[in-house]
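Residues per chain, in single letters:
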Amino acid sequence: LVASLATAQTPVECPCACDALQNATKQIFSSSTCLTTEILEELDLQKSDREGTSLRFEIHTWPSHKITTLVGAILARDVMGYTSEFTCAESDVNGLARITNGATDVSIE
């Protein structure tokens, strides 16, 4: 199954333009830092340094996916040290192929 999805005729580009809510999700993420250095210290965590390394998170159109994507992107950025970027999609159809083809790195849920 994975092999067939990975070789599916799926374009490398994300299959849809971001809708207004997906764009709002990206704006919320980029406008603040959630886990400050002080919070990380209280949790006995140290931010990793992965400068120059990014993860592309796929945002879907349903609310629970947006929430879990934001949580994952916040952890990746604020704790794990990745630069978080976003792509948009309308469904999970061919999601594994998009990851395999390099259109996205992470699709949570």
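Residues numbered from 1 in each chain as written. Predicted model: local features only at pLDDT ≥ 70, side-chain atom pairs only at ≥ 80, totals over all residues. Heavy atoms only, no water.

Some details on the overall build of the protein
Scanning the protein from N- to C-terminus turns up 5 helices and 2 strands. Sequence-ordered secondary structure for the protein, helices as α and strands as β, is α-α-α-β-α-β-α. Considering only contacts in the protein between residues 6 or more positions apart, those separated by 24 or more positions represent 82%. (Helix = DSSP H or I, 4+ residues; strand = E, 2+ residues; numbered from the N terminus. Contact = heavy atoms within 4.5 Å.)

Focus on the nonpolar core
Counting 11 residues, the largest nonpolar core consists of F29, L55, F57, I59, L70, A73, I74, A76, Y82, F86 and V106. Residue assignment for this core shows that the elements contributing at least two residues are β1 (54-59) and α4 (63-78). Among the elements that make up this core, the one with the highest residue count is α4 (4 residues). Not counting residues within four places of it along the chain, the set of residues in contact with V106 comprises L55, R56, F57 and E58. (Core = buried A, V, L, I, M, F, W, Y, C linked by side-chain atoms within 4.5 Å. Buried < 20%, exposed > 50% of the residue type's maximum accessible area, 1.4 Å probe, protein only.)

What to know about helix α2 (residues 20-30)
Those residues of α2 lying buried are Q22, T25 and F29. For α2, the arc enclosing every buried residue in end-on projection is 55°, short of the 170-degree limit, so these residues lie on one face. Exposed residues lying more than 90 degrees from the buried face of α2 are A20, I28 and S30. Where α2 is buried, its residues meet β1, α4 and β2 (83-88). (Arc of directions from axis to C-beta.)

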